[in-house]
Amino acid sequence: MTVPAALGKQCAASTGRALADDKSNDLLSELKSTGVTALSPKAPAGLSVEASGPAGPNVTFREVSEREAVLYYDGLGSTRAEGPKLIYRTSSDTFVEPLNGGYRREMRLTGVEKEHKLGEDGLWDTICDIFVVEVFDINSIKFSSIDFVRFTCRWVNSNIEVTVPVEDIDCYTTPPTVWIGVLPNTLSSELAYKAAVEILEILKQHNISGVDVAFRESVVRSLSGPGPALFGPACDITKQFIDHLSTPLSLPIADLKSMSQGTLGFYFRDKHSDLYAVTARHVLFEAHEGNNMYRYADGHKKHVIVLGDLGFDDYLASIMEAINSLKGNAGLHAGPIERLEMKMAEVAQDSPEAQNMAQRLERQRKVQANILGNMALLQDFYQELTQSWSKPEDRIIGYVHWAPPIEVGVRPHCYTQDLCILKLDKRKFKNFVGNTLSLGSEIPKDAFKNLMNNPVDEDPEFEYPPNGLLPLRGILSVAKINRPGVMGKPECMPRVIKRGYSTLTTVGQVCEFSSVVRKYNELGSNNIQSREVLILPHSSLDEFSLGGDSGSLIVDARGRFVGLLTGGDDLSRTTYATPMEWLWALIQAEYDGASLEFDDLETFMSQPKSFNLRLLFPSPLLHNTCSTVIWLLKMAAHLFFGLRLLIPSPLLYNPFQILKWLLATAIHLFFGLCLLFLSPLLYIVWPIVKWLVATATHLLLAALANFIGKYLL
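The following refers to the structure shown. (Residues numbered from 1 in each chain as written. Predicted model: local features only at pLDDT ≥ 70, side-chain atom pairs only at ≥ 80, totals over all residues. Heavy atoms only, no water.)

### Looking at a nonpolar patch on the surface
Keep this limit in mind: Only residues whose relative accessible area exceeds 30% and that take part in no salt bridge are eligible for patches, with like-charged residues grouped when within 9 Å of each other and nonpolar side chains (Val, Leu, Ile, Met, Phe, Trp, Tyr) grouped when within 5 Å. Calculation of accessible area relied on Shrake-Rupley with a 1.4 Å probe; when residues are assessed, cover is drawn exclusively from the protein chains displayed. Salt bridge, as used here, is a side-chain nitrogen of Lys or Arg placed within 4 Å of a carboxyl oxygen of Asp or Glu. By definition, any uninterrupted DSSP run of H or I lasting at least four residues is a helix, any uninterrupted run of E lasting at least two residues is a strand, and each is numbered from the N terminus. Burial here depends on accessible area, computed with a 1.4 Å probe over protein chains only, as a share of the maximum for the residue type. Under 20% is buried, over 50% is exposed, and the range in between is partly exposed.
A surface patch of nonpolar side chains, amounting to about 290 Å² of accessible area, comprises Leu701, Leu704 and Phe707. In this structure, leucine 701 sits in helix H17 (residues 685–712). Given the relative accessible area of 45%, leucine 701 is considered partly exposed.

### Overview of unusual backbone geometry
Within the chain, leucine 504 stands out as a residue other than glycine whose phi angle is a positive 55°. Structurally, leucine 504 can be placed in strand S20 (residues 504–510). On the accessibility criterion, leucine 504 (23% relative accessible area) is partly exposed. Its identity as a non-glycine residue notwithstanding, arginine 573 has a phi of 60°, on the positive side. Structurally, arginine 573 can be placed in the loop between strand S24 (561–569) and strand S25 (574–579).

### Focus: a positive patch on the surface
What counts is decided by this rule: Two residue types count as positive, namely Lys and Arg, and two as negative, namely Asp and Glu; His and chain ends fall outside the count. In plain terms, the charge of a residue is placed at NZ if it is Lys, CZ if Arg, CG if Asp and CD if Glu.
Together, Arg339, Lys343, Arg360 and Arg363 make up a positively charged patch on the protein surface. Broken down by secondary-structure element, the contributors of at least two residues to the positive patch are helix H9 (309–346) and helix H10 (352–388). You can see lysine 343 is positioned in helix H9. Judged by its relative accessible area of 46%, lysine 343 is partly exposed.

### Quick look at the environment of leucine 372
Note on placement: leucine 372 falls in helix H10. In the structure, leucine 372 is positioned 45 residues away from lysine 327 in sequence and 7.4 Å away in space, judged by C-alpha atoms.

### Brief notes about the side chain of arginine 269
To be explicit about the condition: It only takes one pair of heavy atoms within 4.5 Å for two residues to be counted as in contact.
Relative to the assigned elements, arginine 269 resides in strand S9 (residues 266–269). The contact partners of arginine 269, leaving out residues within four places of it in the chain, are Asp274, Gly593, Ala594, Ser595, Glu597, Phe598 and Phe604.

### Some points on the environment of asparagine 292
Topologically, asparagine 292 is positioned in the loop between helix H8 (281–284) and strand S11 (294–295). Taking the C-alpha atoms as reference points, asparagine 292 and isoleucine 406, separated by 114 residues in sequence, lie 8.3 Å from one another. When sequence neighbours within four positions are dropped, the list of residues in contact with asparagine 292 reads Arg281, Ala403 and Pro405.

### Section: the nonpolar core
This is how the line gets drawn: Residues belong to a common nonpolar core when they are buried Ala, Val, Leu, Ile, Met, Phe, Trp, Tyr or Cys residues joined through side-chain atoms within 4.5 Å.
Residues Phe266, Tyr267, Phe268 and Leu422 are the most contacted members of the largest nonpolar core, which totals 74 residues. Take this core: its biggest share by element is eight residues, from H9. Not counting residues within four places of it along the chain, the set of residues in contact with leucine 422 comprises Ile253, Leu264, Leu275, Tyr276, Ala277, Leu284, Val304, Tyr399, Val400 and His401. Val64, Tyr72, Leu123 and Ile127 belong to the second-largest nonpolar core, a separate cluster that totals 58 residues.

### Examining helix H4 (residues 123–137)
Going by this rule: Expected helix span is taken as 1.5 Å per residue step, with the number of steps being one fewer than the number of residues.
Spanning 15 residues, H4 covers 20 Å between terminal C-alpha atoms, matching the ideal 21 Å at 1.5 Å per step. Taken together, the buried positions of H4 are Leu123, Trp124, Ile127, Cys128, Ile130, Phe131, Val132, Val135 and Phe136.

### Let's talk about the environment of valine 64
Considering the arrangement of structural elements, one finds valine 64 in the loop between helix H2 (22–33) and helix H3 (66–71). With relative accessibility at 11%, the residue valine 64 sits in the buried group. Those residues in contact with valine 64 that sit more than four places away from it in its chain are Ala69, Leu86, Ile87 and Tyr88.

### Notes on the pairing of strand S16 (residues 420–424)
Rules: A pair of strands is labelled paired if DSSP reports no fewer than 2 bridges between them.
In terms of burial, S16 is largely enclosed, as four of its five residues are buried. Of the pairings in the sheet, the one linking strand S10 (residues 275–279) to S16 comprises four bridges and is antiparallel in character. Across the sheet, residue valine 278 finds its bridge partner in S16, namely isoleucine 421. Note: strand S13 (residues 396–403) against S16, four bridges, orientation antiparallel. Note that in S16 the partner of valine 400 across the bridge is leucine 422.

This is how it looks when you write it as structure tokens:
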């Protein structure tokens, strides 16, 4: 028996790696114990590069066994588990079941270099349209996605720790594959074979060869899941928690009355200096609410909150878990400190031993003090959250302002329109920092730089920003998304970043061939598809997105806007996004003066609100016509009596009467003008009652003064 190719590459001298270290010797021993008697770079039959190649148009039908259907894409699942179910494939490699000793083949997704012939002059997009019309629709195949990808294969053993780099293990890369997802239990292997032959024939007509076709079960889903001002960025122990309630992107959001949870994508401003944010519509609108155009008008608001109820409860629980962990760590240091203090009391204070123990004691105390300080910070943060953020109403940050219906195949670019605009309460964003993406604390700085920069780049694009806050500026055009890659080096695809509610910060790779996605029974139509930007997870990470990440903004290494995350397939570990270039054009058409830039934040955030004409008539009684008429009559009565007293009565012939007349005139004019510009403070019951009593009193006094002046003086 020969060793699998990847392991042979790792161990054999032909790879340039000598078996000198202990781990390599341990691996060799493990291989021999499982029956491997020779070290060879050759893989099991059908897995070497020479043994496997793309099938031609004359491919013959081969039934896929149940084991192969389940295990062929092993490793593609979102948790490195079983991938999507294989229905049929034209590739010639032989499926090998997991070997003795726990060895199994693991597959990963990677992209196809743009120099492939299908990348010329939009040929891939044209051929996809032909596939849909001439293959899938004619054969009534309910496809969910069409991707153009490659796969890498390696052999792994969960019982052996392999420390060589991933790029050294991924020794076998498949030919380019037209990878087609179909709805579960809707396609037989016989019909898939027929469709594959037709696809290969179409490719042959365009002089395309060396391409495989594979069908798998797949459902592209929308990735939504279950008071005071938002915080600013943090640099202390609270950083790992505060991102969920701070102004840098991306905030976890939910509808006030819904259990669904998603992510806020990015901010923009309009010509009136109002603050808006963008997410995916399906994050805030449930199916029963319909799919109609939504525009806010005066009246009921569809409020948006930070963290839904379940999300907030989990958030508090995670903070309390961290507090308890710190408390336990502090307790672990208490014993050594106590023992050192006891030993120091027993030895001479001037002795070297005492000095050594004093230094150790100081170090222990500093460590314990640091732990206790962090614990105190988290406890204060937790207390503030429970007191000021627990009620959903305290977490309201704005309301839905505009949400066009979800549509697919929107012309002229045939993209998905899944868009929702929120108008934000600027009072909640007093710590606003503009479109700045928090990179979080999950990935260490050096590891992040390694993930973002391609190995072949002499001049890396990505520089880790100060405090982990990446300022965003500019939009990556679709033309640049589809820029040429490096021939034969799919690992050099552009790297992108996303921060979402579920998976936090992840790094992915933009596939330079767009994908075609079709959704069923959601939008009332099953014959319209849309084009999406395909994002694959970085080879070192498990997934790029999961449910709850919908609405997240995807950016490149230079901080340019790439797209808005709208959906994905967990089993296939594929993520789909709408290009920002197309999305932004739609927003600019709706909002005059829309801009992504916030250069003068102080001026923008202190911008006074425009004068509201309703403050001229703010009486809380003005809720209907009758109340309005009554208010106007009372105001007119005061002004009438005041102006009438401006004309002196001939009976006012002495200074005392003149003084009374002047006083009465001033009082009536004052209250008349007060009613004309009624104070906006009259929004509570007690001021209203006082206002009504005063109005009645002055009307009575006016009538009495008139009677006295006319009949008694």
